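# Summary of the model geometry
The primary structure of each chain is shown beneath.
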Amino acid sequence: MVKSIIKKKSLLNKSEKLFILIGILGLFPFIIGLFDLFFNKSNLFFKFNLLKYYGSIILTFLGAIYWGSMLNRNPKSLIPEQIKYFIIIWSILPSIFSIIILSIKSNISLLILSMSFLLCQLVDEICNKYLLFPKWYLPFRRILTLIVVIVLLCSYFIIKSQ
C-alpha cells in the first residue's frame, strides 16, 4: 500500500513525499522499542518505556492536526457548527488521553494507547469529508495506525509474559 502511494509520483508533490517519508521514519522508534523489549526483556537498553512515551507524543500530535486544520480553514467553509465544535474539542482530547496514559503505571496503558490510536483513526475517517485531507493521507494513516497498534499490542503481550 505504501509502495502504491509512493509510486504515484506524478500525483505527489515534494512536500507530500516528505510527509510520507517522515511518517515512515516516525515508525522507527516504535520498532526499536519493540525490538528492545523482545531481545532485552530483563536488561532493556531504554530505561523507560519508549513505546509508551513516544506513542503518547505521537498521539498528541494527531490531535494537534485538527487544531491546526480548524485554525487554517476557510471562514466560508460549509462545515456545520456542531462539527466545528466537535473538531475543536477533539483536537485536545488526544493530549488529555496521553497525560492519563503516562500517569498509569500498569502495562494496561499500552492497551489504552493502542485503542487511542484506533479512535484517532476513526475520527480521521469521519472528519475527512469535512476537512478534505489530501487523497493519500487516509490510506497512509491507516497503514501507520495498523503498524503502531500491532507494535503496541505485541509490546503489551511481551511485557505481560515476563
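Our structure's up above, just so we're on the same page.
Residues numbered from 1 in each chain as written. Predicted model: local features only at pLDDT ≥ 70, side-chain atom pairs only at ≥ 80, totals over all residues. Heavy atoms only, no water.

## Considerations on the overall build of the chain
The line we're drawing: Each helix is a run of H or I in the DSSP string that is no shorter than four residues. Each strand is a run of E no shorter than two, and both are numbered from the N terminus. Relative accessibility thresholds used throughout: buried, under 20% of the residue-type maximum; exposed, over 50%; partly exposed, between the two (1.4 Å probe, protein chains only). In what follows, residue pairs with any heavy atoms lying within 4.5 Å of each other are defined as contacts. Only the protein chains shown count as covering a residue, and every accessible area follows the Shrake-Rupley method with a 1.4 Å probe.
Counting its secondary structure elements, the chain contains 7 helices and 0 strands. Listing each helix as α and each strand as β along the chain from the N terminus yields α-α-α-α-α-α-α. Counting only residues that meet the buried cut, the chain has 38% of its 162 residues in that class. Taking all contacts inside the chain whose residues are at least 6 apart in sequence as the whole, residues at least 24 apart take part in 73%. Per element, the accessible surface of the chain, about 10000 Å² overall, is 72% carbon and sulfur.

## A look at the nonpolar core
For clarity, the cut-off: Take the buried Ala, Val, Leu, Ile, Met, Phe, Trp, Tyr and Cys residues and link them wherever side-chain atoms come within 4.5 Å; each set so joined is a nonpolar core.
In terms of nonpolar packing, the biggest core is built from 36 residues, with F30, L51, Y66, F117, L131 and L152 touching the most fellow members. Of all the secondary structure elements, the ones that give two or more residues to this core are α3 (28–39), α4 (50–71), α5 (81–103), α6 (108–131) and α7 (137–160). In terms of residue count, α7 provides more of this core than any other element does, 10 residues in total.

## Here's the deal with the packing of aromatic side chains
For clarity, the threshold we go by: Think of it this way: a Phe, Tyr or Trp ring, Trp meaning its six-membered ring, pairs with another when their centres are within 6.5 Å, and the plane angle makes it stacked under 30 degrees, edge-to-face over 60, tilted otherwise.
Evaluated as defined, the whole model comprises 9 aromatic pairs. Relative to F133, the ring of Y66 lies with its centre 5.9 Å away and its plane at 80 degrees, an arrangement referred to as edge-to-face. Taken together, the positions of Y66 in helix α4 and F133 in the loop between α6 and α7 put the pair 67 residues apart, joining distant regions of the chain. Measuring from ring centre to ring centre gives 6.2 Å for W90 and F97, while their planes differ by 65 degrees; the resulting arrangement is edge-to-face. Every member of this aromatic cluster is reached through a ring pair, and the members are F19, Y66, F133, W136, Y137 and F140.

## Some details on the side chain of S155
Here S155 shows up in helix α7. Filtering out sequence-adjacent residues up to four positions away, S155 remains in contact with L34, L37, L51 and L110.

## Concerning a nonpolar patch on the surface
The following threshold applies: Put simply, a patch holds well-exposed residues, over 30% relative accessible area, that have no salt bridge, with like charges counted together within 9 Å and Val, Leu, Ile, Met, Phe, Trp or Tyr side chains within 5 Å. The term salt bridge refers to a side-chain nitrogen of Lys or Arg lying within 4 Å of a carboxyl oxygen of Asp or Glu.
A cluster of nonpolar side chains, namely L18, L21, I22, L25, F28 and I32, defines an oily patch on the protein surface of about 570 Å² accessible area. Sorting the residues of the nonpolar patch by element identifies α2 (14–25) and α3 as the ones contributing at least two each. When residues in the nonpolar patch are grouped by element, the largest group, 4 residues, is from α2. Relative to the assigned elements, L21 resides in helix α2.

## Digging into unusual backbone geometry
Phi at L132 takes a positive value of approximately 55 degrees, unusual for a residue other than glycine. In this structure, L132 sits in the loop between α6 and α7.

## Remarks on the side chain of S98
Among the structural elements, S98 can be located in helix α5. Look past the residues within four positions of S98 in its chain and what remains in contact with it is S56, L59 and T60.

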